[in-house]
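# Structure at a glance
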Amino acid sequence: MASKSHSDGSASAEQVLEHRSADELLVSRDSDIKPELSVVMPTLNEEEGIETCIGWIKSAVEELQLPTEIIISDSSTDRTPEIAHEMGAIVVEPDQPGYGYAYRYAFERARGQYIAMGDADTTYDFKDIPRLLSHLEETGADMVMGSRLEGEIRPGAMPTLHQYIGNPLLTKFLNLFYRAGVSDAHSGFRVFRRQALDEMDLETTGMEFASEMIMEAGAKDLVIEETPIIYHEREGEETLESFRDGWRHVRFMLVNAPGFLFSAPGMVMSLLGMAIMGIAYSGASLGEASLGIHSMIAGSLLTIVGYQVASLGVFAAVTSDPIQKPEDPITERVIGSLSLEHGATAGLLVFGAGGLYAAGLVYQWVSNGFASLEFTMGALVAFTAIVIGLQTVFSSFFLSSVDR
């Protein structure tokens, strides 16, 4: 059981026999005793809920019988830090604003081999820490999350829009893009190992921090387990802005998954465009409908736009170091064999093929005394090749300049 274990997982006979109170088990910053568990809470004017939350944590600590430190990462203007200090917590003050930064600032100062995190507004019952920690040890996972959506959400605890649309939808996106396999990606009640924290490269400062942890864990193949929890109504003023903070989560997920944002849509558009051009050029019919010159133009535009969008996937993977790099074989091949010479040569060949056809049209136009020429299907294919060839040449030079 995690409640009786040391770093080697063995039970201490002295711990089993001697029951100590929570206050005796709380470790201060200047203590020589190293805590086994660090409980971290960010606070912004939480004086209505901080006493209750720390009381719950103390109940959990007494059950666990583990040396524990409670770290409050505080940016309040009310009595929150005074209350926390009086109850034995370590209070630190982040030197920058932001929900995510408050957590990162506290994590850097946490000393336990296990870290528990949660909000200080009484929405999460910290008496459940022993259950989450036990599940972590039993499963060998790197992180255990309390799932609100698989558990119970008390009346008034979560807006209906968040419960039935926002959180489930964001969780589905995150699972699709990052293979996290969780039911409630934005639950803030989590217990994880110090080694897992060291493996995650956490950088965000805002509310998207909750998503970043799961994205990093999923991309690095860390094992995430869940257990149902009860989500309570909060004490104090709500600081979450639904649409703004929701958009920040979506934006962060998308820009860190260029394969889904750029590569896949770009390839679909290009393939669809080329299929339309091929059908129109061949004169084949689709049932009673036949595709003409206007469909050929639409196919050409779709092919060019799709090629440009897919190219952005390569640019993003090379220049931004996203959490989830594109995994499709074409993008991986381009990135893996990235070379100015190869790219420029391929672009020139495509440009040359289209250019030869266009040169023939120009010759025909001059020979006919500059008379008007019929706009043919072949001309559209040639001009499409010219545009894509030029894009490839200049894209190769751009990638060469940023990947030095």
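Residues numbered from 1 in each chain as written. Predicted model: local features only at pLDDT ≥ 70, side-chain atom pairs only at ≥ 80, totals over all residues. Heavy atoms only, no water.

Following the criterion strictly, the structure yields 13 aromatic pairs and no others. Consider the rings of F315 and F398, whose centres lie 5.1 Å apart with planes at 70 degrees: the pair is edge-to-face. Placement of the pair is F315 in helix α12 (residues 293-319) and F398 in helix α15 (residues 377-402), with a sequence separation of 83 residues. Judged by its relative accessible area of 13%, F315 is buried. Through a chain of ring-to-ring contacts, the aromatic side chains of Y99, Y103, F107, F192 and F209 assemble into a single cluster. Here the basic side chain of R109 rests over the ring of Y105, its NZ or CZ set 3.5 Å away from the ring centre. Its end group placed over the ring of Y231, R148 keeps NZ or CZ at 5.0 Å from the ring centre. (Phe/Tyr/Trp six-rings, centres within 6.5 Å; stacked < 30°, edge-to-face > 60°. Helix = DSSP H or I, 4+ residues; strand = E, 2+ residues; numbered from the N terminus. Buried < 20%, exposed > 50% of the residue type's maximum accessible area, 1.4 Å probe, protein only. Lys NZ or Arg CZ within 6 Å of the ring centre and 35° of its normal.)

Once that is clear, we can look at the UniProt feature "domain: Glycosyltransferase 2-like" (unreviewed entry) in the protein. In this structure's numbering, the residues bearing the UniProt feature "domain: Glycosyltransferase 2-like" (unreviewed entry) are residues 38-199. Helix makes up 41% of residues 38-199 and strand 22%, with an end-to-end C-alpha separation of 18 Å. (UniProt positions renumbered as here; feature names shortened; annotations may be inferred.)

The subject of this paragraph is the sheet that holds strand β2 (residues 68-74). The strands that make up a sheet are held in pairs by hydrogen bonds between backbone atoms, and each pair lies either parallel or antiparallel. Taken in spatial order, the 7 strands line up as β3-β2-β1-β4-β6-β5-β7 in an open sheet, and their pairing is mixed. If you trace the sheet from one side to the other, it starts and ends with β3 (90-92) and β7 (224-231), each paired once. Taken over all neighbouring pairs, the strand axes of this sheet differ in orientation by 25 degrees on average, direction set aside. One ladder, built from 7 bridges, connects strand β1 (residues 37-43) with β2; its direction is parallel. Opposite V39, over in β2, you have I70 as the bridge partner. Against the sheet, helix α5 (residues 99-107) makes contact with β1, β2, β3, β4 (114-117) and β6 (190-193), and its axis sits at roughly 150 degrees relative to β1, the strand it touches most. Strands β1, β4, β5 (143-153), β6 and β7 of the sheet are contacted by helix α6 (residues 129-139), whose axis makes an angle of about 165 degrees with β7. (Pairing = 2+ DSSP bridges. Axes fitted to C-alpha atoms, helices over the stretch in contact; angles between N-to-C directions. Contact = heavy atoms within 4.5 Å.)

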